[in-house]
Amino acid sequence: MLSRELVQPNSIAVIGGSNNLHKPGGKILQNLLEGNFSGEIYVVNPREKSVQGIKCHPDVGSLPEIDLAILAIAARFCLETIEVLARNKGCKGFIILSAGFAEEGEEGRILEQKITEVVNSVRGSLIGPNCIGVINPVYQGVFTSPIPKLDPRGCDFISGSGATAVFIMEAGIPNGLTFSSVYSVGNSAQTGVEDVLAHLDECFDPESSSRVILLYLETIEKPGLLLKHALSLHRKGCKIAAIKSGITEAGSRAASSHTGALATPDAAVDALMAKAGIIRCSSREELVAVASVFQHRELEGKRMAVITHAGGPAVMLCDVLSVGGMEVPAIDGPKAEELLEKLYPGSSVANPIDILATGTAEQLGTVIDYCEKEFEEIDGMIVIFGTPGLFPVNDVYRTLDGKMKSCRKPIYPVLPSIVNAREEIEEFISLGRINFPDEVRLGRAISKVYNSPFMKVREKAPKLVSVIKIREVIDEVLKRCTDGYLGPGPVQELLDAAGIPRTREAVVNTKADAVIKSEELGFPLVLKVVGPVHKSDVAGVVLNITSPERVAEEFERMIQIPNTVAILIQPMLSGMELFSGAKREGKFGHLVLCGMGGIFVEAMRDVQGGLAPLTLEEALGMIRQLKSYAIIEGIRGEEGVDEHAWADILLRVSQLVETAPEIAEMDLNPLLGKKDVIMAVDARIRIETR
Ligand code: ADP
Ligand code: MG
């Protein structure tokens, strides 16, 4: 938790406060003085008598006790300054704006570490270094502009980059997006984005806390912490959206299994975000749009009414909504007729509802009332209303504001005339409203928010695997201490302990034994080499063998393939080729994957991932999000696959790797699936103990 002194200081000292408003030390002091901080402000500057009307202290030693120190001095002076403040001045809140630390190299990193140790020793909180500062309801401690309008219901925004934080605020403020706090964590020497999120969770107050949280992340150092607090905040009614830029390092290691290659570096981040219920955005504009949607009433269904006086934007909006899985249902019946009577001739109420260029504020109000009260087929409204500039539209926007207050169904305003109706839009925003200037961006954001499954309660899956048996097998393997691929024996034992169905099979070392085992298993059969990792690549898989003679022949050929230590015999099965697997992703834990086998994986990369431990919902969700899901369901008379059986296998894979974290990669490829059963015919498991 962040210290009280950082979050709610009674006194603030700006070290390096300046008269020059073009310097961080000058601008931050100005922002503090012009803001609403009501405690004492001190300035330390050896070269000035007074700065911006405040008497200067020549050094930190001459300061009284203070809560929060903001450092705008060269990096090399920061350590000694913080030592004095922490040890002698009771200071427990520190913000270091200065650059020249870890971002510049090893020396800077060590300096940062020493400073962190000092701050930790007094149980203080440190934000930065190399950041723009902090804005919250108590003080506005940043050296940048703009300072957003502070609103307790606005967004809490935590950013790993100061400059990006500014640009995101700049993107949101003109449209009316408000903020309740902004934390820029810079190099995160002590406090990272995840830690501030934890703080927001721990201090959450149902009366006063914001329900919308935005994150800009460049790295995720503590995925576990992020997951825990994001879920906890969800349960408290918060909505979270994030941009995560860059790719994880964990995933960039070379991977030799199929799953390994498919688990793209970013897949773990996607999976973490999905699991944490965080809506992942890929641009500032998208983040702002999603945050703005969050600030409206929640949609309880996906059926939208598009209300407009201009055809073009309405059509674009309908397109993007339907691509996004929303609906714009036709509106008809007696109530629709009744509404049409109240509009000018030529209007349409079919949805989009078009009240024509001559439509009035009163008509707009009537349409909204019908959508709210009479049209049960509608869950939410989008109103597109601009102006060609002939007359003002204040009355329209005031009506809109009034209806947004009184209606239970959400209403999203698209006011595109940011030039012609600049003043009217400003007035609308001053009423606490948010404008979506672009209907397509809004349509995408609504779809994204509505379709994210994060509101659903997640039930932990019951234990399906035999933990004791799995540990026995792994511990036995570890005694021989061999990192690398497991042989068929341990692989079979692990699959059995996890309850993952696999085909019957026999491993043989002699031709005679091969023939005997073939008769036992029954024809047709499949022969495979044991030893080579990718068997087909070395002609080490022969399908559909129908006689003992062919078994003998193939045995003789295959046993000579390099690295082959034995031959595996299986019955020849039929079914749809699927694959499942798991890959360890550093601090993220294991990413479990699923997809259709064969060309679907190779050519279409049709793969879904989820972080272990999976819940049943997550496992089913992964399968249903596959592009080829229609084939799994069964298409055009073709038999499909039992998705519950597959989800069950995914849960078992998840629990297997959770029980045996030594598994770095595993692959069930293929699983052969039918309407009633799914079975693994090929499995690889790679152990890595590090
Ligand atoms: P590898 O992946 O090492 O090349 P597999 O054991 O996966 O070897 O076999 C290659 C392909 O042969 C599989 O993808 C599948 O299409 C087919 N196959 C393997 N075993 C069977 C089996 N028991 N029944 C039917 N087809 C099989
Ligand atoms: Mg295979």
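What counts and how
- Residues take numbers from 1 onward in each chain, read along the sequence in its written order.
- Labels are handed out in written order, letters beginning with A for the chains and numbers beginning with 1 for the ligands.
- Per-residue local features are limited, in this predicted model, to residues with pLDDT of at least 70; the limit for side-chain atom pairs, both in listing and counting, is 80 or more; totals at the level of whole chains, interfaces and linings are taken over all residues.
- With hydrogens and water set aside, each side-chain value is computed from the structure's full complement of heavy atoms.
- Donors, by definition, are the N, O and S atoms found within 2.8 Å of a metal, the threshold being 3.2 Å for Na, K and Ca, and water is not counted, so a site can look incomplete.
- Numbered from the N terminus, helices here are DSSP runs of H or I no shorter than four residues, and strands are runs of E no shorter than two.
- Classification of residues uses two cut-offs on accessible area relative to the type maximum, computed with a 1.4 Å probe and protein chains only: under 20% is buried, over 50% is exposed, and between them is partly exposed.
- When DSSP finds two or more bridges between two strands, those strands count as paired.
- For this analysis, residues touch if any pair of their heavy atoms sits within 4.5 Å.
- Helix axes are fitted to C-alpha atoms over the stretch in contact, other axes to C-alpha atoms as well, and angles between N-to-C directions run from 0 to 180 degrees.
- Buried residues of nine kinds, namely Ala, Val, Leu, Ile, Met, Phe, Trp, Tyr and Cys, make up a nonpolar core once their side-chain atoms join them within 4.5 Å.
- Between Lys or Arg on one side and Asp or Glu on the other, a salt bridge is scored when a side-chain nitrogen of the former is within 4 Å of a carboxyl oxygen of the latter.
- The criterion for a residue being near a molecule or strand is simple. One of its heavy atoms has to lie within 4 Å of it.
- Under the rule applied, a polar contact is a pair of N or O atoms within 3.5 Å (in protein, one hydrogen donor and one hydrogen acceptor; residues adjacent in sequence only if both atoms are side-chain atoms).
- All accessibility values rest on the Shrake-Rupley procedure with a 1.4 Å probe; residue burial counts only the protein chains present in the view.
- Put simply, Ala, Val, Leu, Ile, Met, Phe, Trp, Tyr, Cys and Pro go in the nonpolar bin, Asp, Glu, Lys and Arg in the charged bin, and everything else, Gly too, in the polar bin.
- All domain edges in this entry derive from an automatic or database-based domain assignment.

Taken together, Asn 669 (O) and Asp 682 (OD) make up the protein donors of the magnesium ion (ligand 2), found 2.2 Å from the metal. Here the residue Asn 669 occupies a position in strand E27 (residues 663–673), and Asp 682 occupies one in the loop between strand E28 (678–680) and strand E29 (683–687), the gap between them amounting to 13 residues. Since its relative accessible area comes to 16%, Asn 669 is described here as buried.

This part takes up the sheet that holds strand E6 (residues 93–96). In sheet architecture, strand pairing relies on hydrogen bonds along the backbone and comes in two forms, parallel and antiparallel. One open sheet accounts for seven strands, arranged E3-E4-E2-E1-E5-E6-E7; its pairing is mixed. Of all the strands in the sheet, the pair left with one neighbour each is strand E3 (50–51) and strand E7 (125–127). Seen against the sheet, helix H4 (residues 106–121) touches E6 and E7 and runs at an angle of roughly 145° to E7.

Within E29, four of the five residues are buried, which leaves the element mostly enclosed by the surrounding structure. Both strand E19 (residues 484–485) and E29 contribute to a ladder of two bridges, which runs antiparallel. For Tyr 485, the partnering residue across the bridge sits in E29 and is Arg 686. Strand direction decides the pairing type here: E27 and E29, joined by five bridges, are antiparallel. Bridge pairing in E29 places Leu 668 opposite Ala 683.

Time to look at the nonpolar core. By size, the foremost hydrophobic cluster in this structure holds 56 residues, and its most contacted members are Ile 95, Tyr 139, Ile 158, Leu 215 and Ile 278. Ignoring sequence-local partners within four residues, the contact set of Ile 95 consists of Leu 6, Leu 68, Ala 69, Ile 70, Leu 71, Ile 127, Cys 131, Gly 133, Val 134 and Tyr 139. Of all hydrophobic cores here, the second largest spans 47 residues; its members include Val 288, Val 290, Ala 291 and Leu 442.

All told, the structure shown has 41 salt bridges when counted by the stated rule. A cluster of three or more residues bridged by salt bridges with shared partners is formed by Lys 535, Asp 667, Asp 682 and Arg 684.

A few words now on the site of ligand 1. Neighbouring ligand 1 are 19 residues; Lys 528, Lys 535, Ser 536, Glu 577 and Asp 682 lie closest to it. In this structure, Pro 571 approaches ligand 1 through a main-chain N or O atom, which is 3.1 Å from a nitrogen atom. Here ligand 1, which alone exposes 540 Å², has 86% of that area covered by the protein. Mapped by element, the contributors of at least two residues to the shell around ligand 1 are strand E21 (525–530), strand E22 (541–545), strand E23 (566–571) and E27. Per-element accounting of the shell around ligand 1 gives the leading share, three residues, to E27. Looking at the shell around ligand 1 residue by residue, the class counts come to 10 nonpolar, four polar and five charged. Counting only domains with at least three residues in the shell around ligand 1, you end up with domain 4 (467–571) and domain 5 (576–687).

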